[in-house]
Amino acid sequence: VKESLIRKYNALPLLKRGKTLFVGISDPTNTQGLDDIKFQILLNLETVLVEETKLLKVIDSALEAVD
């Protein structure tokens, strides 16, 4: 998933199992964000609800580690 989509929607890929990607997200009602991610990766999505402040910290850490 592109970094721009991760930051825009506060959605972090957690685990891929088969054709399903589990995504941590703080706002599960954000269907536009989930649709954008699903369109990019062409996988089924399952959401995992995460507290926003904790999710933002993990996103920052994960993206710094990738850089």
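Residues numbered from 1 in each chain as written. Predicted model: local features only at pLDDT ≥ 70, side-chain atom pairs only at ≥ 80, totals over all residues. Heavy atoms only, no water.

Quick look at the overall build of the protein chain now. Counting its regular elements, the protein chain contains 3 helices and 3 strands. In sequence order, the secondary structure elements of the protein chain are arranged as α-β-β-α-β-α. The C-alpha radius of gyration of the protein chain comes to 11 Å, within 12% of the 11 Å expected for a compact globule of 67 residues. Projected onto its principal axes, the C-alpha positions of the protein chain cover 25 × 25 × 20 Å. Counting every position in the protein chain, which comprises 67 residues, the buried fraction comes to 28%. For the protein chain, contacts bridging at least 24 residues in sequence account for 53% of all contacts bridging at least 6. With the model as given, the accessible surface of the protein chain reaches about 4,600 Å², and the carbon-plus-sulfur share is 53%. (Helix = DSSP H or I, 4+ residues; strand = E, 2+ residues; numbered from the N terminus. Rg over C-alpha atoms; globule rule 2.2 N^0.38 Å. Buried < 20%, exposed > 50% of the residue type's maximum accessible area, 1.4 Å probe, protein only. Contact = heavy atoms within 4.5 Å. Areas by Shrake-Rupley, 256 points an atom, 1.4 Å probe, with all protein chains shown as cover.)

On the secondary structure map, Asn10 appears in the loop between α1 (3-9) and β1 (11-17). Look past the residues within four positions of Asn10 in its chain and what remains in contact with it is Leu5, Gly24, Ile25, Ser26, Glu52, Leu55, Leu56 and Ile59.

Right, let's get into the pairing of strand β3 (residues 44-49). Across 6 bridges, strand β2 (residues 20-25) lies against β3 in parallel orientation. The residue bridging Leu21 from the neighbouring strand is Leu45, located in β3. (Pairing = 2+ DSSP bridges.)

Any functional reading would require information that these geometric values do not contain.
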